[in-house]
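Breakdown of the fold
Spelled out from the first residue to the last, the chains are:
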Amino acid sequence: MPEVPGLQSAPSCWTTMCQDRVAHILLAVGPDLYLLDHAACSAVTPPGLAAGVSSFLQMAVSFTYRHLALFTDTGYIWMGTASLKEKLCEFNCNIRAPPKQMVWCSRPRSKERAVVVAWERRLMVVGDAPEGIQFVLDEDSYLVPELDGVRIFSRSTHEFLHEVPVASEEIFKIASMAPGALLLEAQKEYEKESQKADEYLREIQELGQLPQAVQQCIEAAGHEHWPDMQKSLLRAASFGKCFLDRFPPDSFVRMCQDLRVLNAIRDYHIGIPLTYSQYKQLTIQVLLDRLVLRRLYPLAIQICEYLRLPEVQGVSRILAHWACYKVQQKDVSDEDVARAINQKLGDTPGVSYSDIAARAYGCGRTELAIKLLEYEPRSGEQVPLLLKMKRSKLALSKAIESGDTDLVFTVLLHLKNELNRGDFFMTLRNQPMALSLYRQFCKHQELETLKDLYNQDDNHQELGSFHVRASYAAEERIEGRVAALQAAADAFYKAKNEFAAKATEDQMRLLRLQRRLEDELGGRFLDLSVHDTVTTLILSGQNKRAEQLARDFRIPDKRLWWLKLTALADLEDWEELEKFSKSKKSPIGYLPFVEICMKQHNKYEAKKYASRVGPEQKVKALLLVGDVAQAADVAIEHRNEAEMSLVLSHCTGATDGATADKIQRARAQAQKK
Amino acid sequence: MAAHLSYGRVNLNVLREAVRRELREFLDKCAGSKAIVWDEYLTGPFGLIAQYSLLKEHEVEKMFTLKGSRLPAADVKNIIFVVRPRLELMDIIAENVLSEDRRGPARDFHILFVPRRSLLCEQRLKDLGVLGSFIHREEYSLDLIPFDGDLLSMESEGAFKECYLESDQTSLYHAAKGLMTLQALYGTIPQIFGKGECARVRNGRRVPPDPMFCFQQVANMMIRMKREFTGSQNSIFPVFDNLLLLDRNVDLLTPLATQLTYEGLIDEIYGIQNSYVKLPPEKFAPKKQGDGGKDLPTEAKKLQLNSAEELYAEIRDKNFNAVGSVLSKKAKVISAAFEERHNAKTVGEIKQFVSQLPHMQAARGSLANHTSIAELIKDVTTSEDFFDKLTVEQEFMSGIDTDKVNSYIEDCIAQKHPLIKVLRLVCLQSVCNSGLKQKVLDYYKREILQTYGYEHILTLYNLEKAGLLKPQTGGRNTYPTVRKTLRLWMDDVNEQNPTDISYVYSGYAPLSVRLAQLLSRPGWRSIEEVLRILPGPHFEERQPLPTGLQKKPGRWRYRICHRHH
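Residues numbered from 1 in each chain as written. Chains lettered and ligands numbered in written order. Predicted model: local features only at pLDDT ≥ 70, side-chain atom pairs only at ≥ 80, totals over all residues. Heavy atoms only, no water.

1. Describing the overall build of chain B
Of regular secondary structure, chain B possesses 21 helices and 15 strands. Within chain B, buried positions represent 50% of all 565 residues. For chain B, restricting intrachain contacts to residue pairs at least 6 apart in sequence, the fraction spanning at least 24 positions comes to 75%. (Helix = DSSP H or I, 4+ residues; strand = E, 2+ residues; numbered from the N terminus. Buried < 20%, exposed > 50% of the residue type's maximum accessible area, 1.4 Å probe, protein only. Contact = heavy atoms within 4.5 Å.)

2. A short note on the UniProt feature "coiled-coil region" (unreviewed entry) in chain A
Per the UniProt entry, the sites bearing "coiled-coil region" (unreviewed entry) are residues 183-210 of chain A in this numbering. What you have in residues 183-210 of chain A is 75% helix and 0% strand, and the ends, taken at the C-alpha atoms, are 8 Å apart. (UniProt positions renumbered as here; feature names shortened; annotations may be inferred.)

3. Regarding the packing of aromatic side chains
All names here are of chain B. Tallied over the entire structure, the rule returns 25 aromatic pairs over all chains. A centroid spacing of 6.1 Å and a plane angle of 25° characterise the contact between phenylalanine 81 and phenylalanine 109, whose relative ring orientation is stacked. Highlighted residues: phenylalanine 81 in strand E3 (residues 78-83) and phenylalanine 109 in strand E4 (residues 108-113), separated in sequence by 28 residues. Across the pair, phenylalanine 109 and phenylalanine 81 agree in class, each one buried. Ring geometry for tyrosine 262 and phenylalanine 320: centres 6.4 Å apart, planes at 10°, overall stacked. With tyrosine 262 in helix H10 (residues 262-270) and phenylalanine 320 in the loop between helix H11 (310-315) and helix H12 (323-339), the pair connects residues that are 58 residues apart, well separated along the chain. Given the relative accessible area of 10%, phenylalanine 320 is considered buried. Positioned above the aromatic ring of phenylalanine 338, the side-chain terminus of arginine 364 is 4.1 Å from the ring centre. (Phe/Tyr/Trp six-rings, centres within 6.5 Å; stacked < 30°, edge-to-face > 60°. Lys NZ or Arg CZ within 6 Å of the ring centre and 35° of its normal.)

4. Things to note about the nonpolar core
In terms of nonpolar packing, the biggest core is built from 126 residues, with Leu183(A), Ile265(A), Leu291(A), Ile341(A) and Phe81(B) touching the most fellow members. Non-local contacts of Ile341(A), meaning those with residues more than four positions away in its chain, are made with Trp322(A), Ala323(A), Lys326(A), Val327(A), Gly346(A), Tyr353(A), Ile356(A) and Leu372(A). (Core = buried A, V, L, I, M, F, W, Y, C linked by side-chain atoms within 4.5 Å.)

5. Thoughts on the sheet that holds strand E10 (residues 114-118) of chain A
Residues and elements named next belong to chain A. Strand order in this open sheet of 4 strands is E9-E10-E11-E12, and the pairing throughout is antiparallel. This sheet does not close on itself; its edge strands, each paired only once, are strand E9 (101-105) and strand E12 (133-136). Taking the axes of each pair of neighbouring strands and ignoring which way they run, one obtains an average angle of 20° across the sheet. Inspection of the sheet shows strand E11 (residues 122-127) paired to E12 by 4 bridges, in the antiparallel sense. Within E12, the residue paired with arginine 122 across the bridge is valine 136. (Pairing = 2+ DSSP bridges. Axes fitted to C-alpha atoms, helices over the stretch in contact; angles between N-to-C directions.)

6. Remarks on the domain arrangement of chain A
Structurally, chain A comprises domain 1 (13-161) and domain 2 (614-672). Just the C-alpha atoms count here: the centres of domain 1 of chain A and domain 2 of chain A sit 123 Å apart. (Domains from an automatic or database assignment.)

7. Describing the side chain of Asp143(B)
Residues and elements named next belong to chain B. Mapped onto the elements, aspartate 143 comes out in the loop between strand E5 (134-139) and strand E6 (145-148). Within the local environment of aspartate 143, its side chain forms a polar contact with the side chain of arginine 116, the two groups lying 2.9 Å apart. For aspartate 143, the residues in contact, after removing those within four places along its chain, are Pro115, Arg116, Ser153, Met154, His174, Lys177 and Gly178. (Polar contact = N/O pair within 3.5 Å; in protein donor to acceptor, adjacent residues only side chain to side chain.)

8. Considerations on helix H15 (residues 392-402) of chain A
Turning to H15(A), its buried residues are Ser392(A), Ala395(A), Leu396(A), Lys398(A), Ala399(A), Ile400(A) and Ser402(A). Positive backbone phi, at 80°, marks Gly403(A), one or two positions downstream of H15(A).

9. What about H10(B)?
Structurally, the α-helix is built with 3.6 residues per turn, so residues lying three or four positions apart point the same way. Within H10(B) the residues assigned to the buried category are Tyr262(B), Glu263(B), Gly264(B), Leu265(B) and Ile266(B). The first or second residue beyond H10(B) is Gly271(B), which carries a positive phi of 80°.

10. Some remarks on the interface of chain A and chain B
At the junction of the two partners, chain A supplies 51 residues and chain B supplies 46 residues. When chain A packs against chain B, the two sides together hide about 4,300 Å² of surface, and 53% of this comes from carbon and sulfur. When the area that chain A buries against chain B is broken down by residue, the three leading residues are Phe499(A), Arg559(A) and Trp562(A), summing to 15%. On the surface where chain A and chain B come into contact, there are 6 salt bridges. Where chain A packs against chain B, one counts 26 residue pairs in polar contact (both at pLDDT 80 or more). Split by residue class, the side of chain A that touches chain B holds 21 nonpolar, 16 polar and 14 charged. (Buried area = accessible area lost by both parts, 1.4 Å probe. Salt bridge = Lys/Arg side-chain N within 4 Å of Asp/Glu carboxyl O. Nonpolar A, V, L, I, M, F, W, Y, C, P; charged D, E, K, R; others polar.)

11. Focus: unusual backbone geometry
All names here are of chain B. Omega for the bond connecting valine 114 with proline 115 falls within 30 degrees of zero, at 0°, which places this linkage in the cis form. Within the secondary structure, proline 115 is located in the loop between E4 and helix H5 (119-127). The omega torsion of the bond from arginine 521 to proline 522 falls at 5°, within 30 degrees of zero and hence cis. Inspection of the secondary structure puts proline 522 in the loop between helix H20 (511-520) and helix H21 (528-533).

12. Concerning the UniProt feature "domain: Vps16 N-terminal" (unreviewed entry) in chain A
UniProt records the feature "domain: Vps16 N-terminal" (unreviewed entry) for residues 2-254 of chain A in the present numbering. Secondary structure across residues 2-254 of chain A comprises 26% helix and 33% strand; the distance between its end C-alpha atoms is 53 Å.

13. Comments concerning the sheet that holds strand E2 (residues 60-65) of chain B
All names here are of chain B. Spatially, E2-E1-E3-E4-E5 is the arrangement adopted by the 5 strands of the open sheet, whose pairing is parallel. Two strands close off the open sheet at either side, each with one partner strand: E2 and E5. Within this sheet the neighbouring strands show an average axis-to-axis angle of 20°, counted without direction. Direction of pairing for E4 relative to E5: parallel, over a ladder of 5 bridges. What sits directly across from phenylalanine 109, in E5, is phenylalanine 134. Its contacts with the sheet place helix H4 (residues 87-98) against E3, E4 and E5, and it is angled at close to 165° to E3.

14. Some remarks on the pairing of E3(B)
Residue and element names in this part refer to chain B. Taken across its 6 residues, E3 has 6 buried, putting it largely inside the fold. Here E3 shows no split at all, with Asn78, Ile80 and Val82 on one side and Ile79, Phe81 and Val83 on the other all buried. In this sheet, E3 lies alongside strand E1 (residues 34-38) in parallel orientation, the contact comprising 5 bridges. Of the residues in E3, the one forming a bridge with lysine 34 is asparagine 78. Here 6 bridges tie E3 to E4, and the two strands are oriented parallel to one another. When the bridges of E4 are listed, isoleucine 80 appears paired with histidine 110.

15. Let's talk about the pattern of salt bridges
Under the counting rule described, the total for this entry stands at 59 salt bridges over all chains. For Arg235(A), the salt bridge goes to Glu191(A), with nearest N and O atoms at 3.9 Å. With Arg235(A) in helix H5 (residues 227-241) and Glu191(A) in helix H2 (residues 179-191), the pair connects residues that are 44 residues apart, well separated along the chain. Look at Glu191(A) and you get partly exposed, because its relative accessible area is 48%. Glu166(B) serves as the salt-bridge partner of Lys161(B), at 3.8 Å between the closest nitrogen and oxygen.

16. Examining the side chain of Thr659(A)
Note that Thr659(A) resides in helix H32 (residues 657-672). Residue class for Thr659(A) comes out buried when judged on its relative accessible area of 10%.

17. Things to note about the environment of His136(B)
All names here are of chain B. Among the secondary structure elements, histidine 136 is positioned in strand E5. Residues histidine 136 and cysteine 163 lie 27 residues apart in sequence; the distance between their C-alpha atoms is 32 Å. Excluding residues that lie within four positions of it along the chain, histidine 136 makes contacts with Phe26, Lys29, Cys30, Phe109, His110 and Ile111.

18. Observations concerning the packing of helix H27 (residues 591-599) of chain A against helix H28 (residues 603-610) of chain A
Residues and elements named next belong to chain A. Where H27 contacts H28, the two axes come as close as 8 Å, and the packing angle between them is 175°. Judged by the inter-axis angle, H27 sits roughly antiparallel to H28. In this structure, H27 contributes Phe593, Val594, Cys597 and Met598 to the contact, and H28 contributes Lys603, Glu605, Ala606, Tyr609 and Ala610. Taken together, the residues of the contact of H27 with H28 sort by class into 7 nonpolar, no polar and 2 charged. (Parallel < 35°, antiparallel > 145°, perpendicular 65-115°, else oblique.)

Encoded structure:
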């Protein structure tokens, strides 16, 4: 804070002001006023300040921070804007004694401005009028400026001083002829069954002011604190409404509701004497919060129900607050609290049992928290709290129940850190779903643990697969790979999976063999299948070794023929192929020979085999080598309709014209017979 | 844009709009220009609900694929990672964030988890020290994606594998969540029927099926979730009358057989991914004269296949043998329409003709595309090998020679045909024989290992674990009973104007379709014996509706089926 020139002792008075979100201090030193902010101190002079002021005794900023009032030692009051740019009015009260308090008293949107000054036993309201209003105070009092007036507290009383609202003034001013006043009068006369009611009503209607009259009565009712007066004004409004065609009902209805709420909270048991304007400014939500803070739960709930607020914002929220309070009652047993809460809350939508449980846990009541969590339907809320409370096993079963695997994982990792390995595995063992999820996790993150898990469960089949995988992924050296396979084979035997065990032993044999082949012949053999190893050997001219391998691994004859056929054709070793085809009778027939030669575009070789194809596939073979004429002959000889059509579909161009005719003739003949 | 989604009996655009809205809301939370870093797997499914234009409208300026080291340079305010909740992806993200250049302009990071936010992943990010770098961490529950007017898909291709090989039922949880979303939009589904187990594998052995298990999975999760969602009492009149939950395990046969509809064959031959297919480009070269074929496109032709395309909607589900005639008829209609221009004499007539031109040209383009595709497919289906394979499949499905080694399969192995083809046939034979005789099974397995390599011992074990391949136990083949009762094999199939679903496989009627048919009429009570043979329990559950939303009993009322708990 900067220095204030000439400030030796405490300032005679000071106040805080707020402009454009910046806080200032206004401070009086003798006849001078200074405005301070965090950096500077500047002397200010209120415009139009009367002369002769030697010190300021009081200053007051209005509720809205817009206006400022200064009380000087001459009994003179200056009123102006807080910016100190404009004077609104001034007043001389001729009392030089320093007042105890000075506060602004105004109403939002009202043009009237007034300041209330209090001395020991005297209260004066001053404003833009030559005369002030004086009141006598019976006791020591304290003033509190509020939104729309001033509260005056003493040891035994609580009063509210405010500017009379326009509507009330219009209606209750003596001899008022305002429409609202006339309507109120009309209604009273109506109740007395006097014809004057009609006269008053007519008077309003003639001026076309009935809607304003109703509106005034509704508004004035809002500002009344005494229920009887509220009622009589509302009755007048309701009476006036009967003579109007289209008067929207909501303002009337809403006012009735608001007044009922206001009357309820103004009751001395509750003691929240809000004015209508304050209530509106505050909003119902804030009012409910205040009731909740005062633990007035039943009233709050009644208000919610009466106003039909949505459950989530209304009743549920209050019940949740109630429950949070309830869990703090240490003298009640966990059982009783949990039951009481559940009885009240049931499945009320929007109530978070986990929030309540968290509160209970916060108060050190873990058992209660767990009981409450039983009622929580959302596992996503339930589980993390259980974990926080170190009830991991319970959390695990809740997570599993929910089917949400992410939750299960979360608990698992938690458990893993919390428990020692043995206990952790035991826990898993009792939860198959968790176990399989954890296995998945290990597969990607911790391979070794996976092995331990299989071991623990005596799951030899999976253990075998694990080692098989390791023989491909983890091991580079051939010895290591074979060792992994040996482990796999052992596991497969234990799993009574003879087939897999044998196949694994074969693979070990094959790996060693391939290694030897690579050393002796060069080239790449490792990780080829048995089939491909034999093929590779034939392709590199190692026919003997190929034969040996095929025998060692007992490759079935048919497949071996296919294998050789394909390999020799790939080599285009036609001589060897022919020799092979004559080595004994082909177990796969000779059509494959024709096909493979044609695939290599060797019609010459293909024709050699076509003649050896058995009768069933002869036509197909002949067509493949392009001998349509002979194919036709065979088909006709077979008297096979399907074969004849097949040949016919191959008859293209002029050259086959004769053949086509031949078939057609044969067909015709066949049909004759 | 997605009008075809609203043509069905249920307007699926409602769902599509709901998921799009959710996406827009998230994008708007990250104010300013953005770049999206994609988990590559998700781009396909996302493409079905939001094109780039939508992202662009919300200031997405750049898109990258998620990969290690540093992020590519981009002058944007926000970086959004759109990822599946997987640990390995978290590691990559952390690497990206940590190698961010501190000297460059500060950028905001966000994560959108699809379909579920994960505590596990967030913990990992925390361990890696980057969790605090993310401003928004949210989830985008893209569970059921509107696929076509009558089809929703989770696009979760690993679901069966996860459930049966890894005992990981995450996908079931997502399915239940997706169904909850569906009910929130379309009303509570009053009746749920189901069939199938999700057998737990313990110690490598199958434990006896737990009748409540499937329940506990999808149906029970739904009922549980309903409790979580109370508060928003569902007051929508139910659009769906029934929900039928079928475990894939109940019908392993159908996906093994070769599909024979037009769409099915496109999928068999070229593979349809997220409704897109990539085709060899040669057939689709622009036919312009004078080009001399020098700029043949080398990149695969990518086409989207859905019912938004009028012609495709008409032929997609036809047996391929019936497609040719439709195409030639269409060709005639279109060329006749173009000929119309000669008849247009008055200005009015010409104007009308011109106004129809865009539609006609689109139709002509579509016809040209499908004619090319049909030609490509025909090359395959007329091949001898295709015919042989189909013959074997059909023999198996109609119960011929399923108990001995098949020589065609032997030849396929000997000639090293693609392994997947061999495995499909062997598994098909196994399913049609309630498992293979130990000798036959071992023979096939040995042949496969010798030919394709020993490493496939793991492949074969996985097939056995999933029940696709198994030794016959108990000695009785139950498939013939199932086949006869459910009429799975139909001899008289009309491929051109079908009256029975068996036309889709030219003889075989998909088991799951038969189950649905029988459920609607006369009810499952009539097939109790078969239901006992098929794996897993069957169940029925009613979900109470709020008063006022009950439907009057109509002809779609089913009787309660047997329930054993």
